[in-house]
Amino acid sequence: MTAHRDRRLLAIGSDVRLIITGFGLLLAVGLVSGVGVGLLSSRQLSRVPDVQVQQASLGEGVHDAWDRLRQVAQLDWRAMIEPRSIVAESKTQHQKDEPAPTVSAAEASRRIAEVRQFSPHRTAMRADQERTVDAMLRKFEQEGFDLNELRNASGQVEVPRIFLATLPIDIADVNITEKRKRAFLKVMLPHILRENERLSADRERLQTLRKRTEGGATLAQRDQQWIEQMAEQYNVEDGDLGELVTRVDVVPPGLALAQAVEESGWGTSRFALMGNAVFGMWTWNPGSGLVPENRPDGETYEVQRFKSLEHSVAAYMRNLNSKASYRDFRDKRAQMREKNSLDSYQLAGTLHRYSVRGPDYIRTIRSIMKSNSLDGFDAAKLVDEPAPLFSTLDFFSKS
């Protein structure tokens, strides 16, 4: 028994020595391999040039991320309105001539849902019930925007600086006529007044530069370049300052409102709701507008689409101030300027070429103006101190 036990102990000891020896060999191989990899890595790293890494501040990163999120939301909202024509707004140098990709309505809806998950309170998309006429009117009343006060006040009346990018989604479904009219006028009047502000500022600068040139002064290069840009925009040859002063002028709010009412059906037309086309302007550039359902065969015109109501108002006023068709309008306005009084009703009589209806169109515009007392808005102006600009991107998120 003793001899058997001794042989068993010797066998166990031999096995232990083999195990220890195996671990030793593995450890040695690992050390050698590690040293070799380390040497190779150090040689490769020594060949890599130093790179200067510019650290971005946390604030910049947050702002960039938020701007990107907002852009995505805005793009998706336009896709919901115009699913057949939405395109990417930016192209690389190599993609300049390639056709822009379209975004389907289903894809737009999916992206909007994702954006809402990330930022349910600050996205460009609002719940449908929050973009209605009722919600808009409540917000206007909170800001003191009362049309009755505008009509009854004496002298110039100040209008809050409240701007919506698009019309309320349900304005065509409002059955109460007075309510629909009130909503439409409140949306459009601030845009018209703001564009007139811009025109007045440009006109004042032109008049100042004109006086300098008449006095024999030489204009600075930046002023000369600006005049050339204005001349191109308003179709004036040779930078004629006298003609520019005649063209760069305001459109009385009463007239602009009456035309917007007639051309959009108080904001209920398909063109106004889908393309912010409030003034019914035509375009012959295929794909840049909306095709009228009753367009005669063989015709190629479309109703021009705009990114926002602001763009629509600006294009309308540029149209009256630059096209040869409206020379009578500009001449009549210039005569009124000499008397320091612009009359919407009288100026409407010069727009016989705005519509194929001619004199009937003028009678309609004047009827709208009188029945709704729109010429009473000619004396209105925006408040002097700029307030936060509201639009459909954030207006309805204000508490």
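Right above here is the structure, for reference.
Because the structure is predicted, anything quoted here is derived from the model rather than measured.

Caption draft 1: Broad picture of the sheet that holds strand β4 (residues 302-304). Read across the sheet, three strands follow the order β2-β4-β3 without closing on themselves; strand pairing throughout is antiparallel. Where the open sheet ends on each side, the last strands, each with one partner, are β2 (282-283) and β3 (289-290). In terms of strand pairing, β2 meets β4 through two bridges, oriented antiparallel. Paired with T283 across the two strands is E302, which belongs to β4.

Caption draft 2: The arrangement of the layout of surface pockets in detail. Reported here for the second largest pocket is a volume of approximately 720 Å³. Lining the second largest pocket are 24 residues, with G280, M281, W282, Y354 and S355 positioned closest to its centre. Contributions of two or more residues to the lining of the second largest pocket are made by α9 (253-264) and β4. In terms of residue class, the lining of the second largest pocket is made up of twelve nonpolar, six polar and six charged.

Caption draft 3: Fine view of the nonpolar core. Grouped together as the largest cluster of nonpolar side chains are 70 residues, with contacts concentrated most on F184, M188, L244, L255, F279, Y316 and Y354. Residues within four places of L244 in sequence aside, it is in contact with L206, I227, M230, A231, Y234 and V236.

Caption draft 4: Examining unusual backbone geometry more closely. Positive phi, normally seen in glycine, also occurs at N276, with a value near 55°. Mapped onto the elements, N276 comes out in the loop between α10 (270-275) and β2. N276 gets classed as buried once you look at its relative accessible area, which sits at 6%. Despite not being glycine, N340 shows a phi value in the positive range, around 60°. In this fold, N340 is placed in the loop between α12 (327-338) and α13 (344-348).

Thresholds applied
- Residues numbered from 1 in each chain as written.
- Predicted model: local features only at pLDDT ≥ 70, side-chain atom pairs only at ≥ 80, totals over all residues.
- Heavy atoms only, no water.
- Pairing = 2+ DSSP bridges.
- Helix = DSSP H or I, 4+ residues; strand = E, 2+ residues; numbered from the N terminus.
- 1 Å grid on protein atoms, 1.4 Å probe; cavity = no way out; pocket = protein on both sides within 12 Å on 5 of 7 lines; lining within 4 Å.
- Points joined across faces, edges and corners; volume = space filled by probe spheres on them.
- Nonpolar A, V, L, I, M, F, W, Y, C, P; charged D, E, K, R; others polar.
- Core = buried A, V, L, I, M, F, W, Y, C linked by side-chain atoms within 4.5 Å.
- Buried < 20%, exposed > 50% of the residue type's maximum accessible area, 1.4 Å probe, protein only.
- Contact = heavy atoms within 4.5 Å.

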